[in-house]
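Observations on the three-dimensional arrangement
If you want the building blocks of each chain, they are given just below.
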Amino acid sequence: MSNELKGKVLSINISDKKGVVKTPIKEGLFVENFGLENDAHGGDWHRQVSLLGIESFEKMTKQGIDGLVPGIFAENITTEGITLYELPVGTKLAIGETIQEVTQIGKECHTGCEIAQKVGKCVMPKEGIFTKIIKGGIIKEGDNIEVI
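Model, not experiment: these values are computed from the prediction.

1. A short note on the side chain of Ser50
With respect to the helices and strands, the residue Ser50 is situated in strand 5 (residues 49-53). When residues no more than four places from it in sequence are discounted, the contact partners of Ser50 are Ala74, Glu75, Asn76, Ile77, Met124, Ile129 and Phe130.

2. Quick word on the sheet that holds strand 10 (residues 137-140)
As summarised here, the arrangement of the three strands in space is 4-3-10, forming an open sheet in which the pairing is antiparallel. Where the open sheet ends on each side, the last strands, each with one partner, are strand 4 (35-36) and strand 10. Relative to strand 4, strand 3 (residues 27-31) runs antiparallel, the two sharing two bridges. In the sheet register, Phe30 faces strand 4, and the bridge partner there is Leu36.

3. Some details on a nonpolar patch on the surface
Among the surface-exposed residues, Tyr85, Val89 and Ile105 lie close enough to one another that they form a single nonpolar patch of about 230 Å² accessible area. Locating Ile105 in the fold gives a position in strand 8 (residues 98-105). Looking at Ile105, the relative accessible area reads 31%, which means it is partly exposed.

4. A few points about the pairing of strand 5
Of all five residues in strand 5, five are buried, a share of seventy percent or more. Going residue by residue along strand 5, you find Val49, Leu51 and Gly53 tucked away on one face and Ser50 and Leu52 tucked away on the opposite face as well. Pairing between strand 5 and strand 6 (residues 77-80): three bridges, direction parallel. Bridge pairing in strand 6 places Leu52 opposite Thr78. In this region the chain leaves strand 5, passes through helix 1 (residues 54-62) and returns to the parallel neighbour strand 6; the handedness of that crossover is right-handed.

5. Structural notes on the packing of aromatic side chains
This model, assessed by the stated rule, comprises one aromatic pair. Ring plane angle 70° and centroid distance 5.1 Å describe the contact between Phe57 and Phe73, whose orientation is recorded as edge-to-face. Of the two residues, Phe57 is situated in helix 1 and Phe73 in the loop between helix 1 and strand 6; the sequence distance between them amounts to 16 residues. Looking at Phe73, the relative accessible area reads 2%, which means it is buried. Sitting above the plane of the Phe130 ring, Arg47 keeps its charged end 4.8 Å from the centroid.

The rules behind each value
- Residues numbered from 1 in each chain as written.
- Predicted model: local features only at pLDDT ≥ 70, side-chain atom pairs only at ≥ 80, totals over all residues.
- Heavy atoms only, no water.
- Helix = DSSP H or I, 4+ residues; strand = E, 2+ residues; numbered from the N terminus.
- Contact = heavy atoms within 4.5 Å.
- Pairing = 2+ DSSP bridges.
- Patch = residues over 30% accessible without salt bridge, like charges linked within 9 Å, V, L, I, M, F, W, Y side chains within 5 Å.
- Areas by Shrake-Rupley, 256 points an atom, 1.4 Å probe, with all protein chains shown as cover.
- Salt bridge = Lys/Arg side-chain N within 4 Å of Asp/Glu carboxyl O.
- Buried < 20%, exposed > 50% of the residue type's maximum accessible area, 1.4 Å probe, protein only.
- Right-handed = clockwise from strand over helix to strand, strands pointing away.
- Phe/Tyr/Trp six-rings, centres within 6.5 Å; stacked < 30°, edge-to-face > 60°.
- Lys NZ or Arg CZ within 6 Å of the ring centre and 35° of its normal.

What follows is the structure, given as structure tokens:
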């Protein structure tokens with residue numbers, strides 16, 4: 001299988017409100033049709049889980065932005081090894097025990113976002129993706145991500 005379609009979970013990140021930096025946790029319970037348990041972005045809608053590749057962090061670091069750590073862009077899952085924003089909407093991903101479907105690539109940033117203020121700009125609008133949970137389960141740091 002080509003490397004493009006396999007990746008790894010570097011971090012799972014959670015927050016109790018929207019628009020703030022998320023805190024890494026070792027593992028998370030992802031609930032079917034909701035998202036990450038106890039996360040502000042969970043709910044019955046199309047953007048239950050947000051994912052962002054570490055490769056996007058590296059691009060910004062090259063532009064001279066320091067202090068980028070998983071969760072700083074408010075992503076639920078920090079990934080490695082897959083160019084997320086090239087996946088078509090409708091793509092299914094097996095991540096840990098879960099199956100997720102890509103529902104949106106990128107987003108409009110809301111104003112007054114803590115991330116943009118801290119970092120100067122955010123890569124989420126172009127390079128982050130959103131999924132909904134089709135099959136729930138536990139995701140842990142180091143779990144594989146596979147396009148199915």
